[in-house]
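# Descriptive analysis of the structure
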Amino acid sequence: MTNEIMLSRRTVIASGIALGVSALAPAARAAAPLKVAGIHASPVENAWNSCLHKALQDAAKEGVIEYVFSEGVSGTDYPRAMREYAEQGNKLIIGEAYAVEKEARQVAADYPDTAFVLGSSGEAAGDNFGVFGTWNHDGAYLAGMLAGKMTKSNVVGSVGAIPIPEVNMLINAFAAGVKAVNPDCKHLVSFIGTFFDPPKAREAGLAQIDAGADVLFGERIGTADAAKERHIKSVGSLIDYTPRYPDTVFANAMWYFRPILNAAIADVAAGKPVGRNYTAYGLMKDGGSDIVYVKGVAPAEAEAAMEKVRADIKAGTFEVPKMMDQPK
């Protein structure tokens with residue numbers, strides 16, 4: 001492993017009894033903590049990685065797992081990190097395969113006794129390579145419904161990372177929510193070409209504001225900085241940005257990794273194959289995602305209409321379209 005990975009590695013080890021993890025099988029709660037490693041391509045303060053990291057830290061604090069991790073791991077070093085963690089005896093490795101799909105799957109094939117559950121745009125493979133997608137598109141759609149009724153310029157914007165299916169789906173869902181309540185609204189889209197570059201996301205947001213956007217959807221961290229600077233409203237994604245930007249971010253399309261993690265831990269603890277898709281555990285109707293918003297910022301009728309759709313999503317009577325083509 002490179003010096004970069006060795007220096008960036010942090011270790012969290014917890015012991016004690018498991019608390020509040022009802023989704024786990026009884027056998028998982030009774031067993032010794034499972035050794036789990038997290039490999040983060042971006043710093044853990046990146047929104048997506050922070051969702052994984054917090055869930056893993058919480059599980060460690062509850063005594064469910066022992067957790068070690070690396071952050072800022074480059075694509076060229078990612079397979080090496082996977083191998084080292086597998087050889088150190090970690091039973092479950094959590095991470096992301098988006099930039100290293102072929103290499104990650106080869107590592108999993110070389111370590112059949114280690115479970116790998118990674119964010120991926122592909123399918124599960126074999127018994128030990130599970131995948132999950134970041135499907136907080138339900139919350140993005142609902143936030144779009146609010147934004148569509150709030151815009152005064154009739155222009156909104158979205159700043160994304162890279163046009164992979166999960167990012168495309170999220171931005172398309174936001175746009176669909178806007179169009180559902182305001183069909184004539186224009187939607188601007190920018191991609192920054194990387195998963196973590198807040199200054200670049202800010203610049204993309206500023207360009208959209210200069211082009212007329214008065215509400216921004218920040219699929220990437222940094223977008224809200226542009227909105228704050230120009231005194232407009234913004235929507236966050238994955239985590240709750242409102243405490244950090246109280247006068248700017250009025251809604252957030254939340255995603256909670258813990259249900260996915262719980263399912264993977266339970267499978268490993270029970271000796272079941274993890275070669276399956278865990279994405280569904282992150283859907284709103286299953287408690288894995290939602291919208292949080294500041295009431296009173298959007299018009300009251302917009303909030304009421306959004307809450308009706310929100311209830312329908314949770315009841316399974318309304319499904320937000322999954323559009324994974326690159327938005328234009």
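Look up: the structure comes first, before these words.
Residues numbered from 1 in each chain as written. Predicted model: local features only at pLDDT ≥ 70, side-chain atom pairs only at ≥ 80, totals over all residues. Heavy atoms only, no water.

## Here's the deal with the overall build of the chain
So the rule is basically this: Each helix is a run of H or I in the DSSP string that is no shorter than four residues. Each strand is a run of E no shorter than two, and both are numbered from the N terminus. C-alpha atoms define the radius of gyration in this analysis, and the globule rule sets the expected value at 2.2 Å times the number of residues to the power 0.38. In what follows, a contact means two residues having at least one pair of non-hydrogen atoms within 4.5 Å. Here, Shrake-Rupley sampling with a 1.4 Å probe gives the accessible areas, and only protein chains in the shown set may cover a residue.
Within the chain, the regular secondary structure consists of 11 helices and 12 strands. A compact globule built from 328 residues would reach a C-alpha radius of gyration of about 20 Å, and the chain, at 20 Å, matches this within 12%. Summarising its shape, the C-alpha atoms of the chain cover approximately 55 × 40 × 30 Å along the three principal directions. Within the chain, contacts between residues separated by at least 24 positions form 68% of all contacts whose residues are at least 6 apart in sequence. Here the chain displays about 13300 Å² of accessible surface, and carbon together with sulfur accounts for 54% of that area.

## Notes on the environment of Val320
Rule in force here: For each residue, the accessible area found with a 1.4 Å probe, counting protein chains only, is set against the maximum for its type, and the residue is called buried under 20%, exposed over 50%, and partly exposed in between.
With respect to the helices and strands, Val320 occurs in the segment after helix H11 (300–315). Given the relative accessible area of 1%, Val320 is considered buried. Along the chain, Val320 and Lys152 lie 168 residues apart, while their C-alpha atoms are 25 Å from each other. In this structure Val320 touches His137, Asp138, Tyr141, Ala173 and Ile313, once residues within four positions along its chain are discounted.

## Some thoughts on helix H5 (residues 101–110)
Because each turn of an α-helix spans 3.6 residues, side chains separated by three or four positions end up pointing in the same direction. Basically, it comes down to this: The directions from the helix axis to the C-beta atoms form the arc being described.
Buried residues of H5: Glu101, Ala104, Val107 and Ala108, and no others. Across the axial projection of H5, the buried residues extend over an arc of 130°, all falling on one side. In this structure, H5 carries Lys102 and Ala109 as exposed residues pointing more than 90 degrees from its buried face. At its buried positions, H5 is contacted by helix H4 (78–87), strand E5 (115–119) and strand E6 (129–132).

## Quick word on the pairing of strand E12 (residues 289–293)
Put simply, the rule is: Strand pairing follows a simple DSSP-based rule, namely that at least 2 bridges must link the two strands.
Most of E12 sits inside the fold, with 4 of its 5 residues counted as buried. As judged from the 5 bridges shared by strand E11 (residues 249–255) and E12, these two strands associate in the antiparallel manner. Considered in E12, the bridge of Trp255 is made with Ser289.

## Observations regarding the environment of Ser158
Operational definition: In protein, a polar contact means a hydrogen-donor-capable atom and an acceptor-capable atom, both N or O and within 3.5 Å, with residues adjacent in sequence counting only if both atoms are side-chain atoms; elsewhere, any N or O pair within 3.5 Å suffices.
By secondary structure assignment, the location of Ser158 is in strand E7 (residues 155–160). According to the relative accessible area criterion, Ser158 is buried, its value standing at 0%. C-alpha separation for the pair Ser158 and Ala213, spaced 55 residues apart in sequence, amounts to 9.4 Å. Excluding its chain neighbours within four sequence positions, the residues that come into contact with Ser158 are Ile171, Phe174, His187, Leu188, Val189, Ser190, Gln208 and Phe217. Side-chain polar atoms of Ser158 contact the side chain of His187, separated by 2.7 Å.

## Digging into the sheet that holds strand E9 (residues 215–218)
We count it as follows: For every element, the axis is a line fit to its C-alpha atoms; helices are fit only across the contacting stretch, and the angle between N-to-C directions ranges from 0 to 180 degrees.
Taking strand neighbours across the sheet as the criterion, the 6 strands line up as E8-E7-E9-E10-E11-E12 in an open arrangement whose pairing is mixed. Edge positions in the sheet fall to strand E8 (186–191) and E12, since each has one partner strand and no second. Neighbour-to-neighbour, the strand axes of this sheet turn through a mean angle of 15°, independent of strand direction. Each of E7, E8, E9 and strand E10 (233–238) touches helix H7 (residues 165–181); the most contacted strand, E8, lies at about 165° to it.

## Some thoughts on the environment of Leu52
Within the secondary structure layout, Leu52 lies in helix H3 (residues 47–61). In sequence terms Leu52 and Ala41 are 11 residues apart; their C-alpha atoms lie 12 Å from each other. If we ignore the near neighbours within four places in the chain, the residues touching Leu52 are His40, Ile94, Gly95, Phe132, Trp255 and Phe257.

## So, helix H9 (residues 223–230)
The complete set of buried residues in H9 reads Thr223, Ala224, Ala226 and Ala227. Around the axis of H9, the buried residues are gathered within 155° of arc, so they sit on the same side. In this structure, the buried side of H9 is in contact with E7, helix H8 (198–210), E9, E10 and E11. Downstream of H9 by a residue or two, His231 has a phi angle that is positive, lying close to 60°.

## Here's the deal with the nonpolar core
Note the following rule: Among the buried residues, those of types Ala, Val, Leu, Ile, Met, Phe, Trp, Tyr and Cys that are joined through side-chain atoms within 4.5 Å form a nonpolar core.
Membership of the largest hydrophobic core comes to 72 residues, with the highest contact counts inside it found for Ile65 and Leu92. Ranked by size, the runner-up nonpolar core spans 20 residues in total, among them Ala37, Ile93, Val100 and Val107.

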